[in-house]
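Each chain, written out:
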Amino acid sequence: MEFKDIKELIRVFDKSDLNKLKIKDSEFEISMQTGFDGGTVVSQSAPVAQTIQSAPAAPTPVAAPATETAAPSAVSGDTINSPMIGTFYASPSPESAAFVKVGDTVKAGQALCILEAMKIMNEVEAEFDCKIVKILVEDSSPVEYDMPLFVVEKL
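Residues numbered from 1 in each chain as written. Predicted model: local features only at pLDDT ≥ 70, side-chain atom pairs only at ≥ 80, totals over all residues. Heavy atoms only, no water.

(A) Seen up close, the pattern of salt bridges. A complete count under the given rule lists one salt bridge for this structure. Close ionic contact of Asp104 with Lys101 constitutes a salt bridge, the shortest N to O distance being 3.4 Å. (Salt bridge = Lys/Arg side-chain N within 4 Å of Asp/Glu carboxyl O.)

This is the structure we're talking about:
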């Protein structure tokens, strides 16, 4: 399944009345579930037999990371948002320094962080020159599509 197809599937799922969806293919599995703070959880696992299943079910309580407790409306100013669902990494490797820190001035095209989605590391780059005012996500935290990652001041 292509990344754009997964994004569209998530969009359609979010607008539907379903609260749980599981799709399995020979080399791919994706599960989505809603029911906690209005968010969507997407997970992927190892290859399994081909089946497609979707049925409403009671939501399983999932503890939300502390960074997700702030409502997006509480963020003021310009933000750089997540282009996908994944895991946020502030540095290229655990022993490396962070791509950016609060107070840094970055140029358009400069890497800000890495988002891991389906075992693929995707660099998130600044779309414009800016100054990092606040980093809203902790390292190794899950992020959702269009979730604010950085509060910035455009230059």
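Next, the rest of the story.
(B) How the structure looks around the sheet that holds strand E9 (residues 120–125). A sheet is described by the order of its strands in space; here four strands give the open sequence E9-E8-E6-E11, paired in antiparallel fashion. Edge positions in the sheet fall to E9 and strand E11 (142–143), since each has one partner strand and no second. Here three bridges tie strand E6 (residues 86–89) to strand E8 (residues 111–117), and the two strands are oriented antiparallel to one another. Residue Thr87 lies in a different strand from E8, and its bridge partner there is Glu116. (Pairing = 2+ DSSP bridges. Helix = DSSP H or I, 4+ residues; strand = E, 2+ residues; numbered from the N terminus.)

(C) The environment of Val100, seen in detail. Tracing the sequence through the fold places Val100 in the loop between E6 and strand E7 (105–106). Sequence separation of Val100 and Ile132 is 32 residues, and the distance between their C-alpha atoms is 7.7 Å.

(D) Local environment of the sheet that holds strand E12 (residues 148–154). Sheet architecture is open: four strands sit in the order E5-E12-E10-E7, paired in antiparallel fashion. Each end of this open sheet is capped by a strand with a single partner; those strands are strand E5 (78–81) and E7. Bridge count between E5 and E12: four bridges; the pairing is antiparallel. Across the sheet, Asn81 pairs through a bridge with Pro148, a residue of E12.

(E) Just the nonpolar core, in detail. With 21 residues, the main nonpolar core has Phe88, Leu112 and Phe150 as its most contacted residues. Secondary-structure elements contributing two or more residues to this core are E8, strand E10 (130–135) and E12. In this structure, Ile6, Leu21, Ile23 and Phe28 belong to the second largest nonpolar core, which totals nine residues. (Core = buried A, V, L, I, M, F, W, Y, C linked by side-chain atoms within 4.5 Å. Buried < 20%, exposed > 50% of the residue type's maximum accessible area, 1.4 Å probe, protein only.)

(F) Broad picture of the packing of aromatic side chains. All chains considered together, the criterion is met by one aromatic pair. For the ring pair Phe88 and Phe150, a centre distance of 6.1 Å and an interplane angle of 55 degrees mean the geometry is tilted. Of this pair, Phe88 sits in strand E6 while Phe150 sits in strand E12, and the two are 62 residues apart along the sequence. The same class applies to Phe88 as to Phe150, namely buried. When the ring centre of Phe128 is taken as reference, the NZ or CZ atom of Lys154 above it lies at 4.8 Å. (Phe/Tyr/Trp six-rings, centres within 6.5 Å; stacked < 30°, edge-to-face > 60°. Lys NZ or Arg CZ within 6 Å of the ring centre and 35° of its normal.)

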